[in-house]
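Reading the structure
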Amino acid sequence: MEEITVLIVDDHALFRTGIRKILETQEDIHVVGEAATGREALEQARATMPDVVLMDIKMPDLDGVEATRRLLAEMPHVGVLFCTMFEDDEFVFAGLKAGGRGYILKESDPETMLRAIRAVANGESLLSPTVAQKVLRQFAALPGEGPPGLDALCDDLTDREIEVLTLIGEGHSTKEIARE
């Protein structure tokens, strides 16, 4: 079993401490650092080279979306998993567009968070069910109803690609999607 290294980024110390305690119970996950701002996240990521960054979306100094853009420009191999209390469309789509591989809500149970960290570390994606529904609704939206530019993006997708996106949105693993 290969160890997954995780950097926790959240502006609330109590939340970071709680997440660290949960992750420390896992044999295959090692917390390599914590950061309270987006700028600190970039510094910590450069210093620790984590497999996964568990990123809040709203923080002082530099928000999680911009921190993700900058981080992935330097370290495209890092998987960013947004863990936030914000499920508004603007945050969800901004986070995913910035390169986030997963988006879960802080109200999720620990098992969902652990499954998401492992999925992102394996190059897969995982969205919490309410977020997945938002993404699927946008892909199913009538022309002109989705976010700007979505219509053009969807026009280029094949039926098979839409099917794969639907399965991702339902939380299926890469292996399950391949079998399907």
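Residues numbered from 1 in each chain as written. Predicted model: local features only at pLDDT ≥ 70, side-chain atom pairs only at ≥ 80, totals over all residues. Heavy atoms only, no water.

Viewed as axis vectors pointing N to C, helix α1 (residues 13-23) and helix α5 (residues 110-121) meet at an angle of 75 degrees, and their least axial separation amounts to 11 Å. On the basis of the axis angle, α1 is roughly perpendicular to α5. Within the contact between the two elements, α1 uses Ile19, Ile22 and Leu23 and α5 uses Pro110, Met113, Leu114 and Ile117. (Axes fitted to C-alpha atoms, helices over the stretch in contact; angles between N-to-C directions. Helix = DSSP H or I, 4+ residues; strand = E, 2+ residues; numbered from the N terminus. Parallel < 35°, antiparallel > 145°, perpendicular 65-115°, else oblique. Contact = heavy atoms within 4.5 Å.)

The strand order across the open sheet formed by six strands is β2-β1-β3-β4-β5-β6, and the pairing between neighbours is parallel. Bordering the open sheet on either side are β2 (29-35) and β6 (126-127), each of which pairs with just one other strand. Inspection of the sheet shows strand β3 (residues 52-55) paired to strand β4 (residues 79-84) by four bridges, in the parallel sense. In the sheet register, Val52 faces β4, and the bridge partner there is Gly79. Strand contacts of α1: β1 (4-9), β2, β3 and β4, with the helix running at about 170 degrees to β2, the strand carrying the most contacts. Most of the contacts of helix α3 (residues 64-74) go to β4, to which it runs at about 175 degrees, and overall it touches β3 and β4. (Pairing = 2+ DSSP bridges.)

All right, on to the environment of Met113 then. Counting through the fold element by element, Met113 comes out in helix α5. In this structure Met113 comes out as buried when scored by relative accessible area, which is 4%. It is 9.4 Å that separates the C-alpha atoms of Met113 and Ile19, two residues lying 94 residues apart in sequence. Those residues in contact with Met113 that lie beyond four places of it in its chain are Ile19, Ile22, Leu23, Leu54, Leu81 and Ile104. (Buried < 20%, exposed > 50% of the residue type's maximum accessible area, 1.4 Å probe, protein only.)

The subject of this paragraph is the packing of helix α2 (residues 38-48) against α3. Between α2 and α3, the shortest axis-to-axis distance is 9 Å and the interhelical angle comes to 20 degrees. When the interaxial angle is binned, α2 and α3 end up roughly parallel. α2 and α3 meet at a crossing whose hand is right-handed. Contacts between α2 and α3 involve Gly38, Arg39, Leu42, Ala45 and Arg46 from the first element and Ala67, Arg70, Leu71 and Glu74 from the second. Classifying every residue of the contact of α2 with α3 by side-chain character gives four nonpolar, one polar and four charged. (Left-handed = near helix turned anticlockwise from the far one by under 90°. Nonpolar A, V, L, I, M, F, W, Y, C, P; charged D, E, K, R; others polar.)

Applying the stated rule across the entire model yields one aromatic pair. Relative to Tyr103, the ring of Phe82 has its centre 5.8 Å away and its plane inclined at 40 degrees; by these criteria the two rings are tilted. Of this pair, Phe82 sits in strand β4 while Tyr103 sits in strand β5 (residues 102-105), and the two are 21 residues apart along the sequence. With respect to burial, Phe82 and Tyr103 carry one shared label: buried. (Phe/Tyr/Trp six-rings, centres within 6.5 Å; stacked < 30°, edge-to-face > 60°.)

Keep in mind these numbers describe shape, not what the thing actually does.
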